[in-house]
Amino acid sequence: MRITLSSIHINDQEEALTFYTHTLGFVKKQDLRSGDYRWLSVSSNSESSLELVLEPNEHPAALAYQKALYKDGIPATSLEVDNIHKTHEQLLAKGVTFKMPPTDVGSAWIAVFDDTCGNWIQIHKQN
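Structure report, in brief.

### Quick word on the overall build of the chain
Here comes step 1: Along the chain, the regular secondary structure elements total three helices and eight strands.
Here comes step 2: Scanning the chain from its N terminus toward the C terminus, one meets helices and strands in the order β-α-β-β-β-α-β-α-β-β-β.
Here comes step 3: In terms of C-alpha radius of gyration, the chain reaches 15 Å, essentially the compact-globule figure of 14 Å for 127 residues.
Here comes step 4: Buried residues in the chain amount to 39% of all 127 residues.
Here comes step 5: Summarising the internal contacts of the chain: among those between residues at least 6 apart in sequence, 51% fall at separations of at least 24.
Here comes step 6: Carbon together with sulfur atoms contributes 53% to the accessible area of the chain, which is approximately 7,500 Å² in total.
Here comes step 7: Between the averaged position of the 11 positive side-chain charges in the chain and that of its 16 negative side-chain charges there is a distance of 2 Å.

### Digging into the side chain of Thr23
Here comes step 1: Within the secondary structure, Thr23 is located in helix α1 (residues 13–23).
Here comes step 2: Excluding anything up to four places from it in sequence, Thr23 contacts Thr18, Leu91, Lys94 and Val96.

### A word on the nonpolar core
Here comes step 1: Within the largest apolar cluster, 22 residues are counted, with the highest numbers of intra-cluster contacts made by Ile8, Tyr20, Val42, Leu54, Phe98, Phe113 and Ile123.
Here comes step 2: Put simply, the parts of the chain that give this core at least two residues each are β1 (5–10), α1, β3 (37–43), β4 (51–56), α3 (84–93), β7 (108–114) and β8 (120–126).
Here comes step 3: Of all the elements, α1 adds the most residues to this core, at four residues.
Here comes step 4: In this structure, Val42 is in contact with Leu17, Tyr20, Thr21, Phe26, Val27, Lys28, Lys29, Leu50, Glu51, Leu52 and Leu54, ignoring residues within four places of it in sequence.

### As for the sheet that holds β3
Backbone hydrogen bonds are what pair the strands of a sheet, in a parallel or an antiparallel way.
Here comes step 1: Taken in spatial order, the four strands line up as β1-β4-β3-β2 in an open sheet, and their pairing is mixed. Every other strand in the sheet has two partners, leaving β1 and β2 (27–34) as the edge strands with one partner each. If you compare each strand with its neighbour and ignore which way they point, the axes differ by 25° on average.
Here comes step 2: Sheet topology places β3 next to β4; two bridges connect them, and they run antiparallel. Residue pairing across strands places Val42 opposite Leu52, the latter belonging to β4.

### Notes on the pairing of β4
Regular strands show a simple pattern: their side chains alternate between the two faces of the sheet.
Here comes step 1: Most of β4 sits inside the fold, with five of its six residues counted as buried.
Here comes step 2: Looking at chain direction, β1 and β4 are connected through six bridges and run parallel. By the bridge assignment, Ile8 is partnered in β4 with Leu54.

Rules behind the numbers
Residues numbered from 1 in each chain as written. Predicted model: local features only at pLDDT ≥ 70, side-chain atom pairs only at ≥ 80, totals over all residues. Heavy atoms only, no water. Helix = DSSP H or I, 4+ residues; strand = E, 2+ residues; numbered from the N terminus. Rg over C-alpha atoms; globule rule 2.2 N^0.38 Å. Buried < 20%, exposed > 50% of the residue type's maximum accessible area, 1.4 Å probe, protein only. Contact = heavy atoms within 4.5 Å. Areas by Shrake-Rupley, 256 points an atom, 1.4 Å probe, with all protein chains shown as cover. Lys, Arg positive; Asp, Glu negative; His and termini not counted. Charge placed at Lys NZ, Arg CZ, Asp CG, Glu CD. Core = buried A, V, L, I, M, F, W, Y, C linked by side-chain atoms within 4.5 Å. Pairing = 2+ DSSP bridges. Axes fitted to C-alpha atoms, helices over the stretch in contact; angles between N-to-C directions.

Worth remembering: the numbers are spatial, not functional.
Here is the structure:
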C-alpha cells in the first residue's frame, strides 16, 4: 500500500493550476473533465507517482473546512524543499505572500505562504 493521491481544496481550479505550475513549478499531471469540474492534479515532475489533486471546494463541508483552516492559520499541506531560504527568496520574488518566514522549529525549518486559492501552505526542510 502506498499514497499516490493527496487532495487540497481550492476555490478556483484554473487559478490553482496557474499558481501551482507557474509559481511553484509543479507539472500538470491529469486534467480530465468530470461534470462541471475537472479531475485536476499536479506533481513535482512527470515521473513522480505522487499527485496533488486540486479539488474544488464546492461541497459545503469542504468549504467550511478550508475556511476554518485558513482563518486559524493552519496549513492545508506541507511541501518539502531542498533549501528553504532559497525557495523563500524565489517565491518572494514571484510575489508570494508569506505568513511565516523560514523559522527553525528544532527538527526542521518551516515557512508558511498563501497559495492564492484559499489555503496556507507550509514548506519544510528537515534538519
